[in-house]
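Descriptive structure summary
Below, each chain spelled out in residue letters.
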Amino acid sequence: MQGESENVLTEGDVLAALKGVKDPDLGRDLVDLGMIRDVRIGDGKVSLAVNLTTPACPLKAKIEADVRQALESRLPAGLAIEIRMTAEVRGKREAETGDIPGVKNIIAVGSGKGGVGKSTMAASIAFGLSAHGASVGLMDADIYGPSVPHLVGAAGRPMAREDRIVPIEVGGLKLMSMGFLLDPDQPVVMRGPMLHGIVQQFLRKVEWGDLDYLIIDLPPGTGDVPLSLAQSLPITGAVVVCTPQEVALLDATRAVSMFRQLRVPVLGMIENMAFFDVLAYLQERGGPVARGLVEGKACFDEPGDERAYLFGQGGARRKADAMNVPFLGEVPMNVFIRESGDVGRLQSALQEGSPTRRHLMSVVENLAAQVSIRNMKNVKMPKLEIIS
């Protein structure tokens, strides 16, 4: 019986068995999306590849399980099924004026005010996407206060290659920042037109090469740089970073409104410093007595007491819902993140064993999903000529 199934089973049968299996984020059929590839049949085995739209897909395990369940239930019994999960980051479907050659997606990370950890989140997003296997660049557009070089432990002067600038590379990221061009104590004193010129050089004169994602760390507020970017290149979308308290949310609301006014899609909001994780702090820094107490959470009266909501709880999530903006996740206040950035090793905050890895990676994966949704649903409509 097995031999007969091998003789008659075709690639069409395999694809038909997978009809109706959808990408949960995109809400569309995997076969119709062209995500089922390299189907091979023979020797009592069916093998294929599921080509995801990002290596940071948060629902990778579910998609693989759904594909396996469909094949096992709809194909002849006894077949060995091999599924390879691959990924290819998609950009938008059509080129636009102002695109940076080789760069598939441009993500701007902004905030309505300073002090909310915007640069830390931008660098963490870049490292997180890179850790998943994507090719990533990080551009520090905070010209007045360039902090990215310090956070990631990068130093030196970019080299020139003919009329192009070769970016600094650290931890798998390609980096460009005003911080590489200044002495540590040198201030930046310039007006709007000069800012525009520098931003354009960072975009057009830097040899970014082929990138899946270019993350741009914007200066805080709603000033010249976001306007310059929105006017000069098609941005895939923007991320707004805020903290839970009402004062910060008022400014975050202005940032969302600014991006919408500039016709930049808002990919989501991140709530940074969402809570202080007392449990993680005691586990990491406490002595034997403290560790013993928190092992069974016996030192907390009620579930959830291990989290101290110093700035209020859930403010960014509620604001995101009210503004119809995706909520990408919350990142706790954690000494490890602060210390990692202070010593130029922010990448360690995303490594295995880090108390912040789970929170940061969740934000990264949710953002990658939103980028994929944006690209797969954003079909550019043809211009219609109205004849009177």
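For the structure, check the block above.
Keep in mind that what you see is a predicted model, and the values were worked out from it rather than measured.

Observations regarding the overall build of the protein
A tally of helices and strands in the protein yields 13 helices and 16 strands. For 388 residues, the compact-globule formula gives about 21 Å, and the C-alpha radius of gyration of the protein, at 24 Å, lands near that figure. Judged by the C-alpha coordinates and their principal axes, the protein covers about 75 × 75 × 50 Å. Split into buried and exposed, the 388 residues of the protein put 49% on the buried side. Total accessible area computed for the protein in this model is approximately 18,800 Å², and 51% of it derives from carbon and sulfur atoms. Separation of charge centres in the protein, based on 42 positive and 47 negative side chains, amounts to 4 Å.

Quick look at the pairing of strand β4 (residues 45-52)
Across the eight residues that make up β4, a large majority, seven, are buried. With five bridges connecting them, strand β3 (residues 36-42) and β4 associate as antiparallel partners. Paired with Gly 42 across the two strands is Lys 45, which belongs to β4. Between β3 and β4, which pair antiparallel one after the other, the connecting turn spans two residues, and Asp 43 there sits at a positive phi close to 55°. Strand direction decides the pairing type here: β4 and strand β5 (residues 80-87), joined by eight bridges, are parallel. The residue bridging Lys 45 from the neighbouring strand is Ala 80, located in β5. Note on the crossover from β4 through helix α3 (residues 60-74) to β5: the handedness is right-handed.

Considering the sheet that holds β5
Read from one edge of the open sheet, three strands run β3-β4-β5, paired in mixed fashion. Each of the sheet's edge strands pairs with one partner strand only, and the pair in question is β3 and β5. Averaged over all pairs of adjacent strands, the angle between their axes in this sheet comes to 10°, without regard to strand direction. Running over the sheet, helix α2 (residues 11-18) touches β3 and β4 and is turned about 125° from β3. In this fold α3 packs onto β4 and β5, with an angle of close to 150° to the strand it touches most, β5.

Here is what the cut-offs are and how they apply
Residues numbered from 1 in each chain as written. Predicted model: local features only at pLDDT ≥ 70, side-chain atom pairs only at ≥ 80, totals over all residues. Heavy atoms only, no water. Helix = DSSP H or I, 4+ residues; strand = E, 2+ residues; numbered from the N terminus. Rg over C-alpha atoms; globule rule 2.2 N^0.38 Å. Buried < 20%, exposed > 50% of the residue type's maximum accessible area, 1.4 Å probe, protein only. Areas by Shrake-Rupley, 256 points an atom, 1.4 Å probe, with all protein chains shown as cover. Lys, Arg positive; Asp, Glu negative; His and termini not counted. Charge placed at Lys NZ, Arg CZ, Asp CG, Glu CD. Pairing = 2+ DSSP bridges. Right-handed = clockwise from strand over helix to strand, strands pointing away. Axes fitted to C-alpha atoms, helices over the stretch in contact; angles between N-to-C directions. Contact = heavy atoms within 4.5 Å.

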